[in-house]
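Structural features, examined
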Amino acid sequence: MSDMSSQKKLYIAGMGMVSPVGGNVAMTAATVNAGISAYAASDFYSVNGNAVTMALVPNEIFDEMHVEIGEGDRFSAQHDRIIKMAIMAANEASTYQSIKQPIPLLMAMTDVPRDLSDLVPFIQSLAENCRPIIDPKLTRSFYSGRAAGIEAIDFAFSYLFDAPQDFILIGGSDSCVEDASLAQLDSAGRLLANQVQNGYAPGEGAGFLLLTRHPELALVREGKIIALHPPGIAEESGHLHSKVVYRGDGLDQAFKRALINHQQQNIQYIYSSMNGENYWAKEMGVAQIRNKKSFSENVKIQHPADCIGDVGSATAPILIALAVERLFKHSKLQTHLVYSSSDTAKRGAIVIEKINALEQV
């Protein structure tokens with residue numbers, strides 16, 4: 001087992017977020033920590049004639065935006081909201097640093113194929129509204145849904161230590177506002193509504209993380225900075241769309257790889273992508289039991305989907321930012337685990353740790 005002091009780390013240099021309970025990181029974190037939920041009956045009705053419960057970003061947040069993104073040859077409200085949330089979150093994440101030229105952008109994308117034909121290009125809109133930090137030529141996408149953000153961070157570890165770049169931007173933006181995909185979920189009995197026993201509330205939001213390999217460029221609060229350890233990535237053969245028997249091996253292996261240097265029962269919080277469906281609770285229980293030597297006796301489980309709904313491919317960046325905010329706010333907290341599981345095979349887990357800034361410079 002390698003020495004933790006010699007292990008590669010990345011550091012949080014900035015964060016941005018838009019969610020159903022807030023237009024920035026601070027507001028979202030405060031509201032989620034207070035347990036305030038954005039769940040409400042939507043305009044979408046299930047096949048049983050019941051209003052589906054969703055968590056949507058208030059239209060007032062979009063109304064305050066003054067951006068030009070065009071509408072392509074056709075218009076999609078979902079695509080429009082995804083772009084606008086991404087612009088807001090990316091701009092917030094970059095305000096912490098003075099960045100004068102484009103930096104690499106790694107985007108977490110849905111694991112469900114979408115028809116983007118005749119729609120204004122997503123990355124091009126980001127580049128035009130987030131100058132000068134985003135250049136389409138320096139962008140790469142990861143198509144594994146909820147786990148894609150952690151998969152992108154795994155790539156960032158390889159990239160930043162081999163390339164002459166100080167920063168890299170990790171982002172995810174997603175919205176449930178699309179009738180065809182909602183209808184498909186409804187037919188599978190997965191949407192939260194009356195007469196549905198095992199459904200979840202679709203949500204929407206965006207999360208962006210500005211990362212650096214230089215601790216001196218990290219975001220500092222009260223002499224502390226946040227380090228990200230190399231994540232664990234694995235695949236679950238018995239995922240939701242598979243006919244293979246589910247045994248919980250995917251998330252267990254992701255935990256083990258992320259926790260290899262954290263065996264001292266020091267994980268105080270687990271930030272989870274669980275959205276209310278039974279499958280995810282079972283998966284979480286299996287992974288936690290199999291890796292219990294890494295968790296404190298009183299480890300607490302946070303599943304923000306209870307407040308903001310299932311935010312899809314934005315899940316991992318949002319979870320990490322919320323975990324970072326908790327670490328900064330509470331002096332006695334030091335180490336959290338964040339994990340996110342896709343509907344398809346990919347599973348990702350990562351340890352984030354609060355450390356003294358001066359010791360790293």
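Anyway, here's the lowdown on the structure attached to this text. (Residues numbered from 1 in each chain as written. Predicted model: local features only at pLDDT ≥ 70, side-chain atom pairs only at ≥ 80, totals over all residues. Heavy atoms only, no water.)

**Notes on the overall build of the protein chain**
Scanning the protein chain from N- to C-terminus turns up 11 helices and 13 strands. Over its C-alpha atoms the protein chain spans a radius of gyration of 19 Å, differing by no more than 12% from the 21 Å that the globule rule assigns to 361 residues. If you line up the protein chain on its principal axes, its C-alpha atoms span 60 × 45 × 35 Å. In the protein chain, which comprises 361 residues, the proportion classed as buried is 59%. Residue pairs at least 24 apart in sequence account for 80% of intrachain contacts in the protein chain once pairs closer than 6 positions are excluded. Averaging the positions of the 30 positive and the 39 negative side-chain charges in the protein chain gives two centres separated by 9 Å. (Helix = DSSP H or I, 4+ residues; strand = E, 2+ residues; numbered from the N terminus. Rg over C-alpha atoms; globule rule 2.2 N^0.38 Å. Buried < 20%, exposed > 50% of the residue type's maximum accessible area, 1.4 Å probe, protein only. Contact = heavy atoms within 4.5 Å. Lys, Arg positive; Asp, Glu negative; His and termini not counted. Charge placed at Lys NZ, Arg CZ, Asp CG, Glu CD.)

**Focus: helix H6 (residues 179-187)**
Among the residues making up H6, those that are buried are Leu182, Leu185 and Asp186. Considered in projection along H6, the buried side chains sweep an arc of 100 degrees and stay on one side of the axis. More than 90 degrees from the buried face of H6, the exposed residues found are Ala180, Gln184 and Ser187. Lining the buried residues of H6 we find strand E2 (40-45) and strand E3 (51-54). Of the residues one or two after H6, Gly189 is the one with positive phi, at around 70 degrees. (Arc of directions from axis to C-beta.)

**Observations regarding the packing of helix H3 (residues 77-94) against helix H4 (residues 122-129)**
At a minimum axis distance of 10 Å, the contact between H3 and H4 shows a crossing angle of 40 degrees. Remark: the crossing between H3 and H4 carries right-handed chirality. Touching His79, Ile82, Ile83, Ala86, Ile87 and Asn91 of H3 are Phe122, Ser125, Leu126 and Asn129, all from H4. Among the residues forming the contact of H3 with H4, the class breakdown is six nonpolar, four polar and no charged. (Axes fitted to C-alpha atoms, helices over the stretch in contact; angles between N-to-C directions. Left-handed = near helix turned anticlockwise from the far one by under 90°. Nonpolar A, V, L, I, M, F, W, Y, C, P; charged D, E, K, R; others polar.)

**Quick look at the pairing of strand E5 (residues 139-143)**
As defined by bridge partners, strand E4 (residues 105-109) adjoins E5 across five bridges and the pair is classed as parallel. Along E5, the bridge assignment pairs Leu105 with Thr139. (Pairing = 2+ DSSP bridges.)

**Considerations on the packing of aromatic side chains**
Scanning the entire structure with this criterion turns up eight aromatic pairs. Measuring from centroid to centroid gives 5.7 Å for Phe142 and Phe155, while their planes differ by 55 degrees, and the two rings are tilted. Of this pair, Phe142 sits in strand E5 while Phe155 sits in helix H5 (residues 148-160), placing them 13 residues apart in sequence. Accessibility expressed as a relative area gives 7% for Phe142, which makes it buried. Ring centres 6.0 Å apart and planes at 25 degrees place the aromatic pair Phe155 and Tyr159 in the stacked group. Of this pair, Phe155 and Tyr159 both sit in helix H5, four residues apart, which is roughly one turn of the helix. By relative accessible area, Phe155 is classed as partly exposed at 24%. Following the ring pairs from residue to residue traces out a cluster consisting of Phe142, Phe155 and Tyr159. (Phe/Tyr/Trp six-rings, centres within 6.5 Å; stacked < 30°, edge-to-face > 60°.)

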